[in-house]
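Residue-level listing of the chains:
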Amino acid sequence: MVKNRLIPCLFLRKGMLVQSRGFKRYQLLGNPLVAVDRYNQWGVDELVYIDITPGIYNEQARDDVAIKQHGDILEIIRAVSKRCFMPLTFGGGVRTLDDIGSRLSNGADKVTVNTKAVEDPDFITAAAREFGAQCIILSLDCTRAADGTYKVVKGGRATTDLDAIVWAKRAEELGAGEIFLNSVDRDGTGKGYDLELVKAVSTAVKIPVIACGGVGEWRHLVEGITQGEASAVAAANVFSYKEQSIIEAKRYMVEAGLNVRKLGI
Amino acid sequence: MSAKLILLKTGVANIFSVANILDYLGVSYQISDDAADVARAEKIILPGVGSYGKVMQQVRTRGLVEPLREAMTIQKKPLLGICVGMQILSQIGYEFGEHEGLGVLEGSVAKIEAPQGVRLPHVGWNELKFEKKSVLFRNIAPETCFYFLHSYAMKPESASDVICTTDYGVPVVAAVERENIFGVQFHPEKSQEGGITLIRNFVEA
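Throughout what follows, the structure given in this document is the object of discussion. (Residues numbered from 1 in each chain as written. Chains lettered and ligands numbered in written order. Predicted model: local features only at pLDDT ≥ 70, side-chain atom pairs only at ≥ 80, totals over all residues. Heavy atoms only, no water.)

1. Considerations on the environment of Gly92 of chain A
Residues and elements named next belong to chain A. Looking at the element boundaries, Gly92 is found in the loop between β5 (88–91) and α5 (97–105). Overall, the relative accessible area of 14% leaves Gly92 in the buried class. In the structure, Gly92 is positioned 89 residues away from Lys3 in sequence and 27 Å away in space, judged by C-alpha atoms. If sequence neighbours within four positions are ignored, Gly92 has contacts with Ile50, Asp51, Ile56, Arg103 and Thr112. (Helix = DSSP H or I, 4+ residues; strand = E, 2+ residues; numbered from the N terminus. Buried < 20%, exposed > 50% of the residue type's maximum accessible area, 1.4 Å probe, protein only. Contact = heavy atoms within 4.5 Å.)

If you want it as structure tokens, here you go:
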């Protein structure tokens, strides 16, 4: 049976890796290519890069000279895919079918769509038709509302009225191949996934769900699968600082009895 | 003089990733979508992502249907189809309608009949169960996982074409071989060590 995946998530801001908390505070980590060689050695299952450069979704950032100097996303994709023979997802700022096409032809296997999908849901269908549903991942950022339901957060900042579970189901119907689920509230806290959210989305759809946001300990990764019923577990910060962290995480997951790919196989 | 190995540009494929592995292996190749290059090639790699119909449309538009059929069935050139590149080796595909394939391997491509609770697409690393030996899998430990990313799979009419399957609640054909014709459903260019070895095996065979 297919293995549950462990996926480091890397956030890019103006071409550099950053660590975030609550999608607000950003700490610079450095050159995106430094991480690549480490992950390659340790048998990471997949890599997800999300471009969270402010304004990347609109024309302003696309023309920004400073951003171009630091790292055009396509150059980063090319450089990563040259060294990293594993599945790569590049999201953030996807607005047109051309955006998707150029990322895929430069080495990405999948893209995530977020804001564009919320504003124009038919875009998901158009993208799935053009490139295959398996390439199109819905990036779903959520925050818990006062009434206990989960709302969709658009563009990393704007909380909408849209119910996250309703939107997840709709995106599946429209043709999304997977869901990359992030909790804005848990992001950077190290308190673990919002398991209620992960389970609600995982049980609402029949496409794979990748949980992200809040991992601080390896047991959180296990919980994401056993309690959250996610198909894959992603984490950002926890893999940035610690040496050998992927190996430790995988070992923990194997010892917990999960069906994960062992290193070296 | 054109290169012996042709990496076929089907328009909807991650050519760059396959090229990266060939570069890593130090293999010389030419990226082409020209029928003349197909005719002159000694070996062909045929990648393809997206959907059966779209990839076949791209192959047809480039006038490559007959050249590929001839290369495989008459000239008996080794060809490795990857993902949808493998699927179009079949006669017919049922993704978004009915589409005619290259038809060099009898059979069809249809949606995986995943049992209750099993999600589609089939995404991730999975193990293989072997039906026969193949040069493709030389020096690869049998428990090695490969990366799959698909909802549709091949149903060959000849069981003898099947090298291995993968378990996804139901057996899913993972690789096929008939003489010089090879196909892999998974992405060797994204399967790290195992994938690199597989591509090397095809190139060096």
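There's plenty left to go through after this.
2. Quick notes on empty space enclosed by the protein
Counting across every chain of the model gives three cavities of 30 Å³ or more. Classifying every residue of the lining of the largest cavity by side-chain character gives six nonpolar, three polar and two charged. Reported here for the second largest cavity is a volume of approximately 60 Å³. Gln134 of chain A together with Gly50, Cys83, Val84, Gln87, Glu95, Leu149, His150, Ser151 and Tyr152 of chain B are the residues that line the second largest cavity. Every element with two or more residues in the lining of the second largest cavity is listed here: α5 (84–87) and β10 (146–150) of chain B. Class assignment for the residues of the lining of the second largest cavity results in four nonpolar, five polar and one charged. (1 Å grid on protein atoms, 1.4 Å probe; cavity = no way out; pocket = protein on both sides within 12 Å on 5 of 7 lines; lining within 4 Å. Points joined across faces, edges and corners; volume = space filled by probe spheres on them. Nonpolar A, V, L, I, M, F, W, Y, C, P; charged D, E, K, R; others polar.)

3. A few points about the interface of chain A and chain B
Often, the extent of an interface is quoted as the loss of accessible area on bringing the components together. Listed by partner, the interface residues are 40 residues for chain A and 33 residues for chain B. There are three salt bridges connecting chain A and chain B. In this structure, Lys3 of chain A and Glu127 of chain B form a salt bridge, with 2.9 Å as the shortest nitrogen-oxygen distance. The interface formed by chain A and chain B contains 19 residue pairs in polar contact (both at pLDDT 80 or more). Going through the elements one at a time, α4 (73–83), α5 and α7 (122–131) of chain A are the ones with two or more residues in the side of chain A that touches chain B. Here the side of chain A that touches chain B is composed, by residue class, of 15 nonpolar, eleven polar and 14 charged. (Salt bridge = Lys/Arg side-chain N within 4 Å of Asp/Glu carboxyl O. Polar contact = N/O pair within 3.5 Å; in protein donor to acceptor, adjacent residues only side chain to side chain.)

4. Here we look at the sheet that holds strand β3 (residues 43–48) of chain B
Residue and element names in this part refer to chain B. Across the sheet, eight strands lie side by side as β2-β1-β3-β4-β14-β13-β12-β9; this open sheet has mixed pairing. Looking at which strands have only one partner, the edges of the open sheet turn out to be β2 (30–32) and β9 (129–130). Bridge count between β9 and strand β12 (residues 162–167): two bridges; the pairing is antiparallel. Each bridged residue has a counterpart across the sheet, and for Phe130 the counterpart in β12 is Cys164. Along the sheet face, helix α6 (residues 192–204) touches β1 (5–8), β3, β4 (79–83) and β14 (181–184) and points at about 145° away from the line of β3. (Pairing = 2+ DSSP bridges. Axes fitted to C-alpha atoms, helices over the stretch in contact; angles between N-to-C directions.)

5. A closer look at the nonpolar core
Residue and element names in this part refer to chain A. Counting residues in each nonpolar core, the largest one holds 73 residues, and the members touching the most others are Leu140, Ile179, Leu221 and Phe239. Among the elements that line this core, the one with the most residues is helix α8 (residues 164–174), at six residues. Not counting residues up to four positions away in its chain, the partners in contact with Leu221 are Leu6, Tyr193, Val215, Val233, Phe239, Ala249 and Met253. (Core = buried A, V, L, I, M, F, W, Y, C linked by side-chain atoms within 4.5 Å.)

6. Description of the packing of α7 of chain A against α8 of chain A
All names here are of chain A. Where α7 contacts α8, the axes come no closer than 8 Å and their chain directions differ by 35°. Relative to α8, α7 is oriented so that their crossing is right-handed. Every residue of α8 that contacts α7 at Asp122, Ile124 and Thr125 is listed here: Trp167, Ala171 and Leu174. Classifying every residue of the contact of α7 with α8 by side-chain character gives four nonpolar, one polar and one charged. (Left-handed = near helix turned anticlockwise from the far one by under 90°.)

7. Let's talk about the sheet that holds strand β5 (residues 92–93) of chain B
All names here are of chain B. Taken together, the four strands give an open sheet; going across it, the order is β6-β5-β7-β11, and neighbouring strands pair in mixed fashion. The open sheet has two edge strands with one neighbour each: β6 (99–100) and β11 (152–156). Pairing of β5 with strand β7 (residues 107–111), which is carried by two bridges, proceeds in the parallel orientation. Residue pairing across strands places Ile92 opposite Ser108, the latter belonging to β7.

8. Considering unusual backbone geometry
Going from Leu120 of chain B to Pro121 of chain B, the amide bond is cis rather than trans, its omega being 5°. Of note, the phi angle at Glu229 of chain A is positive, near 60°, even though the residue is not glycine. By the element assignment, Glu229 of chain A lies in the loop between α10 (218–226) and β12 (232–235). What makes Glu229 of chain A partly exposed here is its relative accessible area of 34%. Here Lys76 of chain B, not a glycine, exhibits a phi torsion of approximately 55°, which is positive. When you line up the elements, Lys76 of chain B lands in the loop between α4 (65–73) and β4. By relative accessible area, Lys76 of chain B is classed as partly exposed at 41%.

No statement about biological role is implied by the geometric values presented.
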